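Structure at a glance
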Amino acid sequence: MSEIRERMKVVDKHGAEVGIVDEVEGDRIKLEQGSDNQHHYVDKQLVAEIAGSTVKLSVEAKEVKRR
């Protein structure tokens, strides 16, 4: 997963935007702060594929927000 970089768009399994990569911290992807002024984290295990500058997850956006 070394191809995940800052500013890449992160989308859920349906293509809905989840956020933008702020940085990679070990086994987690830290997303830029959202409207709630908090960073959200995504486990790298949830990455289904990387296509160009987009990280596609294997779950829905609501699953990410609960983690």
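Now for a quick tour of the structure.

Rules used in this analysis
Residues numbered from 1 in each chain as written. Predicted model: local features only at pLDDT ≥ 70, side-chain atom pairs only at ≥ 80, totals over all residues. Heavy atoms only, no water. Helix = DSSP H or I, 4+ residues; strand = E, 2+ residues; numbered from the N terminus. Buried < 20%, exposed > 50% of the residue type's maximum accessible area, 1.4 Å probe, protein only. Pairing = 2+ DSSP bridges. Axes fitted to C-alpha atoms, helices over the stretch in contact; angles between N-to-C directions. Salt bridge = Lys/Arg side-chain N within 4 Å of Asp/Glu carboxyl O.

Among the secondary structure elements, Ser2 is positioned in the segment before β1 (9-11). Residue Ser2 is classed as exposed on the basis of its relative accessible area of 72%. Residues Ser2 and Val24, 22 residues apart in the sequence, show an inter-C-alpha distance of 9.0 Å.

Turning our eyes to something else, we now look at the sheet that holds β1. Here six strands make up an open sheet; going across it, the order is β4-β3-β2-β1-β6-β5 and the pairing mixed. Both edges of this open sheet fall to β4 (41-43) and β5 (47-51), since each of them pairs with a single strand only. The average undirected angle you get between the axes of adjacent strands in this sheet is 35 degrees. Sheet analysis places β1 next to strand β2 (residues 17-25), joined by three bridges and oriented antiparallel. Looking at β2, one finds that Val11 is bridged to Glu17.

Using the criterion set out here, one finds six salt bridges in the structure. Where Asp22 meets Lys30, a salt bridge forms, and the shortest distance between an N and an O atom there is 3.9 Å. Note on Asp22: relative accessible area 23%, which makes it partly exposed. Among the ionic pairs, Lys30 bridges to Glu23, the shortest N-O distance being 3.5 Å. Judged by relative accessible area, Lys30 falls into the buried class, the value being 12%. Through salt bridges that share partners, Asp22, Glu23, Glu25, Arg28 and Lys30 make up one connected network.

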